[in-house]
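# Examination of the molecular architecture
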Amino acid sequence: MESKDFFKENGYYISRELFSKDEVAEIREHFMEMRKEGPKPGDMGGDAAKGDKDPLNLFPRFINMHKWDKKTDRWRSDPRLTKTAADLVSDQVKLCQTMLYFKPPGARGQGLHQDNQYIRQFPIIAAWIALDRCDASNGQMVVVPGSNKLGILQTEKAAPERSFTGGQTKMPEGANEVGLEMEEGDVLFFGGFTIHGSYPNETKDRFRRAFIVHYFAENTETLKEDPLTSMSGVKPEKP
Ligand SMILES: O=C(O)CCC(=O)C(=O)O
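Below, the structure is looked at part by part. Numbering of residues starts from 1 in every chain and runs along the sequence as written. Two thresholds apply to this predicted model, a pLDDT of at least 70 for residue-level local features and 80 or more for giving and counting side-chain atom pairs, whereas whole-chain, interface and lining totals are computed over all residues. Hydrogens are left out, water is left out, and the side-chain values use all remaining heavy atoms of the structure.

Right, let's talk about the overall build of the chain for a bit. For helices the rule is a DSSP run of H or I covering at least 4 residues; for strands it is a run of E covering at least 2, with both sets numbered from the N terminus onward. From N to C terminus, the chain includes 4 helices and 12 strands. The C-alpha atoms of the chain give 17 Å as radius of gyration, which agrees with the globular expectation for 239 residues (18 Å, within 12%). Between buried and exposed lies partly exposed: a residue is buried under 20% and exposed over 50% of the maximum accessible area for its type, with that area taken using a 1.4 Å probe on protein chains only. Buried positions account for 56% of the 239 residues belonging to the chain. Should any heavy atoms of two residues lie within 4.5 Å, those residues are considered in contact. Relative to all contacts within the chain whose residues are 6 or more apart in sequence, the contacts with residues 24 or more apart total 85%. C-alpha atoms define the radius of gyration in this analysis, and the globule rule sets the expected value at 2.2 Å times the number of residues to the power 0.38.

Its location among the elements puts Glu26 in helix H2 (residues 21-36). Leaving out residues up to four positions away in the same chain, Glu26 has contacts with Lys71 and Trp75.

Think of it this way: one heavy atom of a residue within 4 Å of a molecule or strand is enough to make that residue near it. His113, Trp128, His196, Ser198 and Arg208 are the nearest of the 13 residues found near the ligand. A 3.5 Å cut-off defines polar contacts: any pair of N or O atoms within that distance qualifies, except that in protein one atom must be a possible hydrogen donor and the other a possible acceptor, and neighbouring residues in sequence count only when both atoms are side-chain atoms. A distance of 3.4 Å separates an oxygen atom of the ligand from a polar atom in the side chain of Gln110. In this structure, an oxygen atom belonging to the ligand sits 2.6 Å away from a side-chain N or O atom of Ser198. Exposure was quantified through the Shrake-Rupley algorithm and a 1.4 Å probe, taking into account, for residues, occlusion by the shown protein chains and nothing else. With the chains in place, 98% of the 290 Å² that the ligand exposes on its own is no longer accessible.

Following Phe122, the chain continues into Pro123 via a peptide bond in cis, with omega recorded as 0 degrees. Assignment of secondary structure puts Pro123 in strand S5 (residues 121-130). Backbone geometry places Asn64, a non-glycine residue, at a positive phi of 50 degrees. Mapped onto the secondary structure, Asn64 falls in the loop between strand S2 (62-63) and helix H3 (70-75). The residue Lys103 is not glycine, and still its phi comes out positive at about 40 degrees. Checked against the element boundaries, Lys103 lands in the loop between strand S3 (93-101) and strand S4 (110-113).

Attention now moves to the nonpolar core. By size, the foremost hydrophobic cluster in this structure holds 31 residues, and its most contacted members are Phe31, Leu81, Ile125, Phe189 and Phe211. Contributing elements (two or more residues each) for this core: H2, helix H4 (79-89), S3, S5, strand S10 (187-191) and strand S12 (210-222). Ranked by size, the runner-up nonpolar core spans 20 residues in total, among them Met99, Val143, Leu180 and Met182. As used here, the term nonpolar core means buried Ala, Val, Leu, Ile, Met, Phe, Trp, Tyr and Cys residues forming a set that is joined through side-chain atoms within 4.5 Å.

See below:
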């Protein structure tokens, strides 16, 4: 099946080996060095009350690094990402946000959700670049194929021992979760209505790092704020 048809049907598409091992190593090392520099604007993930028992306190997620990091600013507009994203949404794309998930050994995942439960403009599309091999043991990405056709869904609280974010999608009946095995340099593209997320990294020694760029289509529509379908309406459970 053509990439575009696959994306339309399933809500995601993996472009294998889009980045070389050397490129991935450069991106990975750049962000590991940057993490050592200390706190950055928008850091998120750890539970401060747990101290060094929560690995995400040492490796919180970066967000919008392009605002203060020149390399991110360059990488986010790599034509391999923007052209594929534009082709899949059948429109030009423009930047929405950049993120870097470190997901160290023992880290919690992120409750399954639709990105449009956070970002209220659509269409959006994510390019999720694997910086490590990802499989079930280190908390690979999980998607619900076909959920892209369901529109915006209801939210609910996520389990704090499994998810570093407070909310998740209320799973529709019959939803079939599929774990995606990826190698470093593979890129997963997924749309804003596609249910996706990840479970904890159960390994003792393998990171599951990802560099993520979200794009808006050039032409978007707005979803009204609605406490039932928006993550801002979810009051997280205390861990
Ligand atoms: O990397 C993950 O575990 C989740 C990422 C995600 O939800 C996203 O990029 O929108």
